[in-house]
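So the chains spell out like this:
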Amino acid sequence: MPYEEAHRAFMKLHLNSRSGERKGRLARGHKYAEQKFLEQVWWPVVGSFDHLHPEYEVSDWNRKSIYLDFAYITPLCRIAIECDGYQSHVKDMDREKFSYSLNRDTFLTGMEWRVVHFSFDDIDQRPELCRMLLKLVLAPHLMHQAANRDEKKDLHHIEREIIALTWRLGAKIKPKDVSVFLSISYRTSKKWIEVLCKKGMLSPIPGKTGTRVGRYQLSSNAIEYLAG
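Residues numbered from 1 in each chain as written. Predicted model: local features only at pLDDT ≥ 70, side-chain atom pairs only at ≥ 80, totals over all residues. Heavy atoms only, no water.

Where helix α8 (residues 157–168) meets helix α9 (residues 175–182), the axes come as close as 11 Å, and the angle between the chain directions of the two elements is 115°. The crossing of α8 and α9 is right-handed. Across the interface between the two elements, I158, E161, I162, L165 and R168 from α8 touch D177, V178, F181 and L182 from α9. Grouping the amino acids of the contact of α8 with α9 by side-chain chemistry returns six nonpolar, no polar and three charged. (Axes fitted to C-alpha atoms, helices over the stretch in contact; angles between N-to-C directions. Helix = DSSP H or I, 4+ residues; strand = E, 2+ residues; numbered from the N terminus. Left-handed = near helix turned anticlockwise from the far one by under 90°. Contact = heavy atoms within 4.5 Å. Nonpolar A, V, L, I, M, F, W, Y, C, P; charged D, E, K, R; others polar.)

Put into structure tokens, the structure is as follows:
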């Protein structure tokens, strides 16, 4: 489905499912910056609006409504995405608003949200940077979606967990990391890593002597797999 058609259907779905202030907030809040983010950043990376909610309402510690620009909600995660313009989010912010902004993000983190901010300048002028950062944030979740829809990848769930863990650790991993994370023996963790090396998902990093292998890194195949 082309982006324009998908975006119209996306907005129609959420507008029709809301009423009162929640509907008015969506009609007023989904403006140029948010639309630009969807077109130039979200759509090229994800290719759909599944699990994405615009102007999503949550309550703060005082039961006051907070509206997130976007919320990406799946059984595996809750990610709050904010598109911040300099004028409205920095230049016009007084000390009280600044404090509330920090407390708000901390509160959301405490409620198990991951909060992600993109500046409008980057969305508008450097969308490729935003796409790279969005892939970094969504990679483990997109990986699970890719595994579900692309059976020919033929990866065991433990292999997918190891790839996701490697990404979170900076794209490099040691057998001990896998052993601790999955509560398996060191020998078993090495066997799973060797399987991933044979499948072209990981590659060994030679030690200082040039012979001993202590760590492994993600290959280009794994990175493409994470990106979905």
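Attention now goes to the sheet that holds strand β4 (residues 114–119). Here four strands make up an open sheet; going across it, the order is β1-β2-β3-β4 and the pairing mixed. Looking at strand neighbours, the two that pair on one side only are β1 (52–59) and β4, the edges of this open sheet. Each strand of the sheet is rotated relative to its neighbour by a mean of 40°, with strand direction disregarded. Sheet analysis places strand β2 (residues 65–74) next to strand β3 (residues 77–84), joined by five bridges and oriented antiparallel. The partner of A71 across the bridge, within β3, is A80. Across the face of the sheet, helix α3 (residues 32–46) comes into contact with β1, β2, β3 and β4 while running at roughly 20° to β2. Each of β1, β2, β3 and β4 is contacted by helix α5 (residues 95–110), which is oriented at about 35° to β2, the strand it contacts most. (Pairing = 2+ DSSP bridges.)

Here the focus is the packing of aromatic side chains. Between two aromatic rings, the relevant description is the distance of the centres plus the angle of the planes. One pass over the structure, following the stated rule, counts 11 aromatic pairs. Here F37 and F118 contribute two aromatic rings whose centre-to-centre distance is 5.5 Å and whose plane-to-plane angle is 40°, an arrangement assigned as tilted. Taken together, the residues F37 in helix α3 and F118 in strand β4 connect sequence positions 81 residues apart. According to the relative accessible area criterion, F37 is buried, its value standing at 0%. Given a relative accessible area of 5%, F118 falls into the buried group. Aromatic rings pair up to connect Y3, F10, W43 and F49 into one cluster. (Phe/Tyr/Trp six-rings, centres within 6.5 Å; stacked < 30°, edge-to-face > 60°. Buried < 20%, exposed > 50% of the residue type's maximum accessible area, 1.4 Å probe, protein only.)

By themselves, these observations are geometric and do not establish any function.
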